[in-house]
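Examining the three-dimensional arrangement
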Amino acid sequence: MSSAISIAAGGLQTAARSFETAARTIVAAGNFQAGEATPPAPKATPTGKTQSPPPASPVFDTPDLGQGLIDLKLAEISYKAQVEVLKVASSLEDEAIDLLA
């Protein structure tokens, strides 16, 4: 297998991992936003006093839906580009074999 094909195959694996990571970010952002719509109600303790809900998580810990969508699109473009590299490398190998035969 030529180096171009092996590099493209590695690129396909990287794009697939990036796609999965972006999809997980999108799902996490959706879950976080759904949780924001209904804040937890105060709980009553055995003594009858109400206990306030835990404080909201810091902003930097929240998953970003917009960034997840951008990463998803970038992974898609990268995957398509690697497939094109595979096609061109395969075509070039075929041409080289035809020249040598």
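Just so we're clear, the structure is a prediction, and the values are computed from it rather than from any experiment.

The rules we used
- Residues numbered from 1 in each chain as written.
- Predicted model: local features only at pLDDT ≥ 70, side-chain atom pairs only at ≥ 80, totals over all residues.
- Heavy atoms only, no water.
- Helix = DSSP H or I, 4+ residues; strand = E, 2+ residues; numbered from the N terminus.
- Buried < 20%, exposed > 50% of the residue type's maximum accessible area, 1.4 Å probe, protein only.
- Contact = heavy atoms within 4.5 Å.
- Areas by Shrake-Rupley, 256 points an atom, 1.4 Å probe, with all protein chains shown as cover.
- Salt bridge = Lys/Arg side-chain N within 4 Å of Asp/Glu carboxyl O.
- Expected span 1.5 Å × (residues − 1).
- Polar contact = N/O pair within 3.5 Å; in protein donor to acceptor, adjacent residues only side chain to side chain.
- pLDDT = per-residue confidence, 0-100.

Of regular secondary structure, the chain possesses two helices and two strands. Classification of the 101 residues of the chain by burial places 12% in the buried group. Of the contacts made within the chain by residues no fewer than 6 positions apart, 83% connect residues no fewer than 24 positions apart. For the chain, the exposed surface amounts to about 7,700 Å²; the carbon and sulfur share of it is 64%.

A full pass over the atoms with the stated rule returns four salt bridges. Lysine 80 is paired through a salt bridge with glutamate 76; the nearest N and O atoms lie 3.0 Å apart. Of the two residues, lysine 80 and glutamate 76 are both situated in helix H2 (residues 65-100); the distance of four residues between them amounts to about one turn of the helix. Through salt bridges that share partners, Lys73, Glu76 and Lys80 make up one connected network.

Taking 1.5 Å per residue, 36 residues should reach 52 Å; H2 reaches 53 Å between its end C-alpha atoms and fits that length. Within the span of H2, buried status applies to Gly68, Ala75, Gln82 and Ala89. With a side-chain oxygen positioned 3.3 Å from the backbone nitrogen of glycine 66, the residue opening H2 is aspartate 64.

For the rest of this paragraph, the subject is the confidence of the model for the chain. Of all residues in the chain, 70% attain a pLDDT of 70 or more, and the chain-wide mean is 82. H2 holds the highest mean pLDDT among the elements of the chain, 93, whereas strand E1 (residues 43-44) holds the lowest, 62.

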